[in-house]
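Here is how the chains run, residue by residue.
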Amino acid sequence: MDTRIKKMAQLLDSDQVLEKAGLTKKSSLQGVHPPWHDFTTLHPGSDNGLLVTHSSKIHDPLRVQMKKVQSEKVQTSEEWLRNYSLESLQLTLEHLVDEGKIILNSRNGVEEIEFTEETVTDFESRLSEVIELYQQRIQWLLQDSRKVFGLIKGTKVGLLVDVSHVSCRPRLLDFQKDLFCLIDEQLCYKKQLYCLSFSAEMSPLWESPKNINVHVLHEARQWIKQLEPGRGCNLLKGLKHVFTMKELNSLVLIVGSCPDQSLEILSDYAQQCMLGRKLHLHAVAYDCSSPSSLAVLKNLAEAVRGRYHCYSSKGENFDSSDFQLLLQESRKAKDLLGSIKQTFRGRIGDSLIGRIADVSTEFASTAPCNFFPKPPKHEGPLVIQTPCVLAKTSKEWLKTYGLKAKKLNLYQVLAPNAFSPVEEFVPILKKTVSSTLHEKAMIQFEWYDGTVKNIHVDLPVLYNYQKLLVNMVRIYEKRIDWLSVASRRIWGSVCERRVVILVDVSVTNSMYIIHIQHSLRLLLEEQMSNKDCFNIIAFGSDIVPWQLELVPSQPENLQKAWRWVLSLQCKGSRNLMSALRRAVEIDFKDKDKHKSQGLYLLTTGIPDQETHTVSAYVAEVCRGFDLQLHVCLFSVMEEVDSNGIIPARYANPTETAIAFKEIVQRANGRFHWFGEAGIFESDDITIIVSEMEKANKYSQKCAFLAESLKQRSVNQSVKTFIPEGDPNVLTKKEKRRPQKLPSPKPTALSLARMYIKDNHDAEKNASRRVQTWRPTSAKAEIPPGPVYQKYPKVTCIGKSVPSVTLPNKEEICSSKEWLSKYSIKKLKLELPRLLFGPGCIHQRKTVALLHKKVSAKYCTVFPSVEIDGVVKHLQFHPKELEIYTEQLEKVLRCYIERIQWLLSGSRRLFGTILEANVCLLIDTSGSMDPYLPHIMKELTSLIWEQLRKNKVRFNLLRFAENTETWKECLVEATDETCHNAVQWVSTFHAHGNTCTLVALQKALSFQGIEALYVLTDGKPDTSCSLILTEVERLRKKQDIKIHTISFHCADRGANEFLKKLASQTGGRYHCSFGDVDGQLAAHRMLTEGFDDEDDPVFPYFEGDDLKKLTQEVAKARGFLKQAKFLRLLLQK
């Protein structure tokens, strides 16, 4: 055996095997077990960190058990604590109480426990020793490869190594060095080993697990040396491969970056594959700083009851299942030791006496739930209060008590005494002069639209107005105080008649369950008795409703609900999406038949699902119904609790608040964020504060007006006073000039005569100037002839409205191509360019004589309007605007009819087939099973409606785990081939996974292919980046467009992949979501007209064709609204 160990060390070029085996080159290994068996052989004189050295002689079972540690096999902390936990070693408070003697106090008749000093001292000594034992075990776990990878369990180990994160050379070398240590220190003692590296692709070392020997370990070390960085982290593909190895009983995942797949996909697949197998999963996060990656790996390990280990070379984010178990047990021992020392302070002779109640209270004080102590009568029945009136949101409340509703808007008060400045052109001065009478008698004040008004200031009115503002501010303060107390501090104001309460009871809320229960108690007592019906749904990983459906808000139901709340326990993650679905689909299944319905969510952190997924769902279910989602976010300003629980998704309080604000905004609800310190943010309070700030601003402007008037009065009083009738003062009486009669309007004949006269005078003056010319010197020079100077042509500002020509039938082309011929810009119907030119801009120039800016001479002749912050003059007639409106409505009808065409027939699901040689790829994976009959029906319609009608050469391909083609090449669309294609489509059945890459490779190999149309409902099994790279490589041979079709896909990442695939290949992305709403909106526009810009509106289409058209419709409706407004302006 000595020879085998030494030979192994020589082959591995390392002495670590001998050192870890407790041997030197001169020693030999004792025993009959080979070194790769699952136990650690220790050097007789070495201390592995599990031994406790104590000079005193203690004769108790603990010391004997502690000495047996060095002979124990390598165990996980969970296994190790079965023998060395406080309960196993009989070191709990209950065991201490059992060692005492109950006596009766003769003075007060209270039972007390008497302990001898020796008993308490011995118990404290044993507690101190076990704490030291835990610390040494922790130190041992933090050494060598155990610090990096944790403790490897099992005898037949599969090693999966992620190489996507080792992109730089120094990091790769460190990673290889750590893997060498793992093999030398732990894996060499196993029976079998299987190695596999993965990134976007996987690379196994062997085809099957190998029995460990010198040559196998050597091959493993060489494999580590040859590891190369890769792109992507396709963990699912690696798991699929390694789960086929039935021999393995331990699986070690070493991951350094975020997996390509989500936690739900990975955990579901792992649970299915490990069901019924004795396979232990050990997940290692190697030098990974991403919180999402850590959360995915930890929750994956917990889902399959495995272990988790996180290592960082910088010493940050260290975490481990083994470490946390020991740390938790050590804290229990320390807390118990501190409690004993604090409780037994009084000494009576040789004995220590303490009351049972005191000991129990001290022990209870160390429980985690002491963060929120139980309020008085916490578990007693509810004291139900009946509100007098139904509560209102602050937005609704301000419709009655707001400044505008009370007619206390400053501009409403000043409007009767506000006058616009007057400017007129004076012919004698040949310039525009402003009226000075208002400026001298009034105060200039900036109006809300940016203009300046002359205000007649009535001080008593302003003072009274300020008093009213002060009263309104006091009312607003009372409203804020009312919103900040009792249950409204936690829930806000519950206003709806039908209410469902969603309560977050995930495991991260274990320390705050008392607070959650008390919050629900306050809500049930104060705000629920006047509702029509209600229900409560608690959610963690699982959904636990109180009742199967909504029940009336009667006192007996409220009491039953409270008793149910007292039984709630925290467990699992934060599965908000399932809770929402349960509430909407069951409790609010008749939401279209009722009014005033609300969902109130009480939570402490971000949900398991992505924010955009939850937002999209709540927007869809709340749109068109009187249903809102309100979020009450309780922010716990503490670090992760002592159990080291990390949720499935991590976000700091600010990020969590931002996420829920987005969700609430899409659900037309309110956001309420509170904590121990008070309310951090509340939509109800924010809108009231905004109204208070508005009142304060109005009060300041009133003070400014009053001060300006007082200042003007002081300036006028210091002027020299001139008495009337003073003979020393000469006063000049102005003579009243007779008013000049206006000139008669010239006739056409008069204008013609004036024109002839002006031209005759001009020619006469010109000839006179030519005749009187003389040379400037005696030299003869050629007199200059008539000089002709080129003056710039006067451009006409107003342009005629063009007459548009639109297609009579729909053209088979993309929206991008169609709009290149029929967009508003192409048809020259853009309103700003049609109505306004450079000469229409209102300009004011500084006149040096007047020392101020004066408007242009004829500015008052034309109406003015503000466009994009610039004042322009309108030089169009109402008739021309009427023609423009007719033309624009004609174009709008054409746009909407094309949208209806795109949403009809097979184009609704598949879009428009543009090319003459195509292949259709249909996803028939297992997730498509509920929708497959509908897809087969639509595909049949596509074959006859588009392929046969337009004589398109085509082929069909379906893909799931494998691919299957209808024909081996493209075929002509005849009646016979279309019949055969429909029959082939009728055989579709859903099963397996989604091998998108293989399907694309097959389809791109067809000869003469111009475009592919890919319909799928989710992400592919392989890496998205790998598919994009491979498709780009294949397209270099021939330019083939790939059009992608998203069908019932709620995964944003999958939709982004489909958009990128279409964009990269010059194709189009299509999504049929919102088709029904789109058809309804189009029908309403064509029947009701376009008077209202905001109703009806098209839903947000993500597909390229529909998205471009709806954007053009919105643009046209905006121009139409402006044109109608300008027409009214001209008619005034």
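Everything below is about the structure shown above.
Note that the structure is a prediction, hence the values are computed from the model and not measured. (Residues numbered from 1 in each chain as written. Predicted model: local features only at pLDDT ≥ 70, side-chain atom pairs only at ≥ 80, totals over all residues. Heavy atoms only, no water.)

Student: Where do I start with the overall build of the protein in this structure?
Tutor: From N to C terminus, the protein includes 37 helices and 35 strands. Buried positions account for 47% of the 1132 residues belonging to the protein. For the protein, the share of sequence-separated contacts (at least 6 apart) that also reach a separation of at least 24 residues comes to 78%. As displayed, the protein has an accessible area near 61100 Å², and 52% of this comes from carbon and sulfur atoms. (Helix = DSSP H or I, 4+ residues; strand = E, 2+ residues; numbered from the N terminus. Buried < 20%, exposed > 50% of the residue type's maximum accessible area, 1.4 Å probe, protein only. Contact = heavy atoms within 4.5 Å. Areas by Shrake-Rupley, 256 points an atom, 1.4 Å probe, with all protein chains shown as cover.)

Student: Can you walk me through the sheet that holds strand 33 (residues 1011-1016) in this structure?
Tutor: Strand pairing in a sheet is mediated by backbone hydrogen bonds. Such pairs are either parallel or antiparallel. The 6 strands lie next to each other as 32-31-30-33-34-35, forming an open sheet whose pairing is mixed. Strand pairing shows two members of the sheet lacking a second neighbour, strand 32 (963-965) and strand 35 (1069-1071), which therefore form its edges. On average, each strand axis in the sheet is tilted by 20° relative to the strand beside it, whichever way the strands run. Helix-sheet contacts for helix 31 (residues 932-948) involve strand 30 (917-923), strand 31 (953-959) and strand 33, and the interaxial angle to strand 30 is about 175°. (Pairing = 2+ DSSP bridges. Axes fitted to C-alpha atoms, helices over the stretch in contact; angles between N-to-C directions.)

Student: Any chance you could explain unusual backbone geometry here in plain terms?
Tutor: A negative phi angle is the norm for most residues apart from glycine, just as the trans form is the norm for most peptide bonds. One non-glycine residue with positive phi stands out, namely lysine 407, at about 55°. Counting through the fold element by element, lysine 407 comes out in the loop between helix 15 (394-401) and helix 16 (410-414). Located in the positive-phi region is lysine 951, a residue other than glycine, with phi close to 55°. Along the chain, lysine 951 turns up in the loop between helix 31 and strand 31.

Student: I tried to follow the packing of aromatic side chains on my own but got confused; where do I start?
Tutor: Counted according to the given criterion, the structure contains 19 aromatic pairs. Between tryptophan 818 and tyrosine 822, the ring centres sit 5.1 Å apart and the planes meet at 50°, which makes this aromatic pair tilted. You can see tryptophan 818 and its partner tyrosine 822 sitting in helix 27 (residues 815-822), 4 residues apart, about one turn around the helix. Here tryptophan 818 matches tyrosine 822 in class, with each residue buried. Seen from the ring of phenylalanine 180, arginine 221 lies directly overhead, with NZ or CZ sitting 4.5 Å from the centre. Taking NZ or CZ as reference, lysine 591 lies 4.8 Å from the ring centre of phenylalanine 625, over its face. (Phe/Tyr/Trp six-rings, centres within 6.5 Å; stacked < 30°, edge-to-face > 60°. Lys NZ or Arg CZ within 6 Å of the ring centre and 35° of its normal.)

Student: Is there a simple way to think about helix 15 in this case?
Tutor: Each turn of an α-helix holds 3.6 residues, which means side chains three or four residues apart point in the same direction. Looking at helix 15, one finds that the buried residues are Ser394, Trp397 and Leu398. Along helix 15, the residues classed as buried sweep out an arc of 100° about the axis, all on the same side. The outward face of helix 15, more than 90 degrees from its buried face, is lined by the exposed residues Lys395 and Lys399. (Arc of directions from axis to C-beta.)

Student: How do you make sense of the sheet that holds strand 13 (residues 418-419) when you look at a structure like this?
Tutor: Pairing is antiparallel across the open sheet formed by 3 strands, whose spatial order is 13-17-16. Each having just a single partner strand, strand 13 and strand 16 (443-446) make up the two edges of the open sheet. Both strand 13 and strand 17 (residues 452-455) contribute to a ladder of 2 bridges, which runs antiparallel. Bridging from a neighbouring strand, phenylalanine 419 pairs with asparagine 454 of strand 17.

Student: Just to check I follow, could you spell out the side chain of glutamate 915 for this structure?
Tutor: Tracing the sequence through the fold places glutamate 915 in the loop between helix 30 (907-910) and strand 30. Buried within the structure, glutamate 915 lacks any salt-bridge partner; its nearest side chain of opposite charge belongs to lysine 1041, at an N-O separation of 4.7 Å. In terms of polar contacts, glutamate 915 uses its side chain to reach the side chain of tyrosine 1013, at 2.7 Å. Residues in contact with glutamate 915, not counting those within four places in the same chain, are Val952, Glu1010, Ala1011, Tyr1013, Lys1041 and His1043. (Lys, Arg positive; Asp, Glu negative; His and termini not counted. Salt bridge = Lys/Arg side-chain N within 4 Å of Asp/Glu carboxyl O. Polar contact = N/O pair within 3.5 Å; in protein donor to acceptor, adjacent residues only side chain to side chain.)

Student: What is the right way to look at the pairing of strand 3 (residues 156-162) in this model?
Tutor: On a regular strand, one side chain projects to one face of the sheet and the next to the other, so that they alternate. Of all the 7 residues making up strand 3, 6 are buried; the element is thus mostly covered by neighbouring parts of the structure. For strand 3 and strand 4 (residues 192-198), the ladder comprises 7 bridges, and the chain directions are parallel. Counterpart to glycine 158 in the pairing with strand 4 is tyrosine 194.

Student: Before we go on, may I ask you to explain the side chain of aspartate 587 in this structure?
Tutor: Here aspartate 587 shows up in helix 22 (residues 576-587). A polar contact of 3.1 Å, which involves the side chain of aspartate 587, links it to the side chain of asparagine 535. When sequence neighbours within four positions are dropped, the list of residues in contact with aspartate 587 reads Arg498, Val500, Asn535, Ile537, Leu548, Glu549, Leu550 and Arg582.

Student: Looking at this structure, I do not really get helix 32 (residues 975-985). What am I missing?
Tutor: Within the sequence span of helix 32, burial applies to Thr977, Cys978, Ala981, Trp984 and Val985. Take helix 32 and look down its axis: the buried residues cluster within an arc of 120°, on one side only. Helix 32 presents Glu976 and Gln983 as exposed residues on the side facing more than 90 degrees away from its buried surface. On its buried face, helix 32 is in contact with helix 31, strand 31 and strand 32.

Student: Which parts of the structure should I look at to understand the packing of helix 11 (residues 263-274) against helix 12 (residues 291-303)?
Tutor: The relative placement of two packed helices is expressed as an angle between their axes plus a distance between the axes. Interaxial distance between helix 11 and helix 12 falls to 9 Å at its minimum, and their mutual angle equals 25°. Taken together, the axis directions place helix 11 and helix 12 in an arrangement best described as roughly parallel. As helix 11 runs across helix 12, the sense of the crossing is right-handed. Counted together, Leu263, Leu266, Ser267, Ala270 and Gln271 of helix 11 and Val296, Asn299, Leu300 and Ala303 of helix 12 form the full contact between these two elements. For the contact of helix 11 with helix 12, a count of residues per class yields 6 nonpolar, 3 polar and no charged. (Parallel < 35°, antiparallel > 145°, perpendicular 65-115°, else oblique. Left-handed = near helix turned anticlockwise from the far one by under 90°. Nonpolar A, V, L, I, M, F, W, Y, C, P; charged D, E, K, R; others polar.)

Student: How do you make sense of the pairing of strand 17 when you look at a structure like this?
Tutor: Two strands pair when backbone bridges link them, and strand 16 and strand 17 are joined in this way by 4 bridges, in the antiparallel orientation. Its bridge partner being in strand 17, glutamine 444 is matched across the sheet by asparagine 454. Between strand 16 and strand 17, which pair antiparallel one after the other, the connecting turn spans 5 residues, and glycine 450 there sits at a positive phi close to 95°.

Student: Just checking my understanding: could you explain the pattern of salt bridges for this structure?
Tutor: Any two side chains of opposite charge can pair, on the condition that their charged atoms come close. Scanning the model with the defined rule gives 32 salt bridges in all. Residue glutamate 79 pairs with lysine 153 through a salt bridge whose shortest N-O separation is 3.0 Å. In this pair, glutamate 79 is assigned in helix 4 (residues 77-84) and lysine 153 in the loop between helix 7 (144-149) and strand 3, connecting sequence segments 74 residues apart. With a closest N to O distance of 4.0 Å, aspartate 144 and arginine 146 form a salt bridge. Owing to a relative accessible area of 12%, arginine 146 belongs among the buried residues under this scheme. Each of the salt bridges in this network shares a partner with another, and the network as a whole consists of Arg908, Glu938 and Asp1075.

Student: How do you make sense of the nonpolar core when you look at a structure like this?
Tutor: A general feature of soluble globular proteins is that nonpolar side chains tend to end up buried together. Core analysis: the biggest nonpolar cluster contains 40 residues, and Trp818, Leu829, Tyr884 and Phe1098 have the highest contact counts within it. When residues of this core are traced back to their parent elements, those giving at least two are helix 27, helix 28 (831-835), helix 29 (878-902), helix 36 (1075-1088) and helix 37 (1104-1131). Residue contributions to this core peak at 11 residues, all from helix 29. Among all residues touching leucine 829, those that are not within four sequence positions of it are Val801, Pro802, Val804, Ile824, Tyr884, Gln887, Leu888, Val891 and Phe1119. Ile490, Phe534, Trp546 and Phe634 belong to the second-largest nonpolar core, a separate cluster that totals 34 residues. (Core = buried A, V, L, I, M, F, W, Y, C linked by side-chain atoms within 4.5 Å.)

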